[in-house]
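Examining the three-dimensional arrangement
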Amino acid sequence: MALSSCKTEEQPNVAQWPYGVKYEIFVMSFADGDGNGKGDFKGLTAKLDYLKDLGINGIWLMPIMPSDTYHKYHVTDYKNIDPDYGSLGDFKIFIDEAHKRGIKVITDFVINHTGNLHPWFIDAQKGPNSAYRDYYVWGKKDSIRNQIYKKAVSFDSDNIRKWHPVNGDTVSEQYYGYFNGLCPDLNLDNPKVKDEILDIAKFWLNEVKVDGFRMDAARHIFMDERASDNHAFWVWFRQEMEKIKPDVYLVGEVWSDSKTVAPYLKGLPSLFNFDLGYAITNVAYSGKDTIGLVKKYKDISDYYKSITTEYLDATFIKNHDQTRLLTELKGDQNKARMAAALLLTLPGTPYLYYGEEIGMVGDKLKTYEDFFGPDAYVREPFIWDTDKKDPMQTSWEKPEFSTDKSVTPETTQRNDPASLLSFYRKLIRYRNSSQPLTQGSIDYSGIAVAEVVSFKRKFEAKEELVLHNVSDVEVTVKLNGDNEKFNDVQYASKEGYQLNGEELKLPAYSTIILR
Ligand SMILES: [Ca+2]
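**Let's talk about the overall build of the chain**
Scanning the chain from N- to C-terminus turns up 15 helices and 18 strands. Here the C-alpha radius of gyration of the chain, 24 Å, is about what a compact globule of 515 residues would show, namely 24 Å. Structurally, the chain occupies a C-alpha span of about 80 × 50 × 45 Å along its principal axes. Classification of the 515 residues of the chain by burial places 61% in the buried group. Looking at the chain alone, contacts between residues at least 24 apart form 67% of all its contacts between residues at least 6 apart.

**As for helix 7 (residues 227-244)**
Between its terminal C-alpha atoms helix 7 stretches 26 Å, which fits the 26 Å expected from 18 residues at 1.5 Å a residue. For helix 7, the set of buried residues is Asn 230, His 231, Phe 233, Trp 234, Trp 236, Phe 237, Arg 238, Glu 240, Met 241 and Ile 244. Summarising the contacts, the buried residues of helix 7 are in contact with strand 3 (104-109), helix 6 (191-207), strand 7 (212-215) and strand 8 (249-252).

**As for the pairing of strand 14 (residues 475-478)**
Side chains Val 475 and Val 477 of strand 14 all project onto a buried face; the interleaved residues Thr 476 and Lys 478 project onto a face where none is buried. Bridge count between strand 14 and strand 17 (residues 503-506): four bridges; the pairing is antiparallel. Counted as the bridge partner of Thr 476 is Lys 505 from strand 17.

**A look at the environment of Glu 328**
Within the secondary structure, Glu 328 is located in helix 11 (residues 325-328). A relative accessible area of 32% means that Glu 328 is categorised as partly exposed. In sequence terms Glu 328 and Asn 282 are 46 residues apart; their C-alpha atoms lie 9.7 Å from each other. Setting aside chain neighbours within four positions, we find Glu 328 in contact with Thr 281, Tyr 285, Lys 318 and Thr 323. Only 3.1 Å separates the side chain of Glu 328 from the side chain of Lys 318, close enough to count as a polar contact.

**Examining the packing of helix 9 (residues 274-286) against helix 10 (residues 293-307)**
In contact at an axis separation of 10 Å, helix 9 and helix 10 are set at 175° when each is read in the N-to-C sense. As judged from the angle between their axes, helix 9 and helix 10 are roughly antiparallel. Note on element contacts: helix 10 touches helix 9 through Leu 293, Lys 296, Tyr 297 and Ile 300, opposite Asp 275, Leu 276, Ala 279, Ile 280 and Val 283. Class assignment for the residues of the contact of helix 9 with helix 10 results in seven nonpolar, no polar and two charged.

Calculation criteria
Residues numbered from 1 in each chain as written. Predicted model: local features only at pLDDT ≥ 70, side-chain atom pairs only at ≥ 80, totals over all residues. Heavy atoms only, no water. Helix = DSSP H or I, 4+ residues; strand = E, 2+ residues; numbered from the N terminus. Rg over C-alpha atoms; globule rule 2.2 N^0.38 Å. Buried < 20%, exposed > 50% of the residue type's maximum accessible area, 1.4 Å probe, protein only. Contact = heavy atoms within 4.5 Å. Expected span 1.5 Å × (residues − 1). Pairing = 2+ DSSP bridges. Polar contact = N/O pair within 3.5 Å; in protein donor to acceptor, adjacent residues only side chain to side chain. Axes fitted to C-alpha atoms, helices over the stretch in contact; angles between N-to-C directions. Parallel < 35°, antiparallel > 145°, perpendicular 65-115°, else oblique. Nonpolar A, V, L, I, M, F, W, Y, C, P; charged D, E, K, R; others polar.

This is the structure in structure tokens:
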């Protein structure tokens, strides 16, 4: 009973798409295949075996289309690959190699806005007679006077000026840009723009063979006052995508509370669960479940399931817009492990943010002086080896947080069974071998101990009991009543646990899964 349980190594992988663990990548920071310091598809292709070994079956790529911004959310050409990342040919090879390894690929598809250097917008700015004028949203000074400054800010934008003048001209029409003036909103009331979007989608899904899209800024397609138009837009969008590719996978970003999120599920049955990310971080940080994590999770997911039977939760802890997990947990790796363990044992399709698995750090709240802004602090180069020994190490920016001093490189962690990376790999493998964890329902365990988050996961006749001691002290719980049947330890994150009859002793910061 002292051994760190490893019944999982030879078990078949039951994580069938769209279930399974996903991995979000900022290509610029991942792996450099041509030696210019910027990540690209040659590099990413060469690192696919790393991702396969980690156990993921899906990759979400942050935007890859040509853009004048480092993060590439301001698109200037919808049918190509940014030259920083290589060629379309490189990308097709990458897709092919990913598919050979059983890994699907989804890309960010930014349709709320284009970059201001997109040819459509360059032309549209020429004046009301431009053929592309109606591709964007224009307002005359009188009609927009009361809404030039929107008072409300949102989670995903602190911009309050939504209307922007062309070249300082505040007399004529101004254009609408929800996030800022550098990314003008597309006019998705215009059928021509909708046709363009479908044409672009056909290109990526049919010709390039991506498996789906992550839809950025899904609740800003139309202005806030037109929420129901936003909901209806996504129903239309999904129907059209399924005509192009019947098994297309779509996941949306609606960064808001669950009440605001819910109406989007009819069009986008997979949406990122921001509330869960906050809740997991909270429990891991405090070392106690003071918020009732399982109830919180069940309340949201039961509510969403009542809206659509197709609901498929897209869970995550942190993404590219947020301070990194380990930084938020004040560098405490034990707590980071517990957060990861919660994510990887709860329902849904868990998304890891690249570098989480090696303990990368980055604080978005740090005052910034460099050109890129605070978001770049959470999008730093992945650390492959010390002293740039790995030729694929990216160096497009000088990292402030994640260096080979602050983060143990992947190469060092790879063969160390006690490393954070090995912890992730082992737990993902266990999840992949378990139908209850991968696609089962969740229910209360009935065990009420504040230091322990516990729940049952069930798929058909298979049932597992998951217990997380999120605290820094050893805790003993009683497995009585209905829980007596769980007597076979399948997974243990640590040595030192003990199951004696009804009593289960959980070491500090440990996860035990029983059948
Ligand atoms: Ca490169």
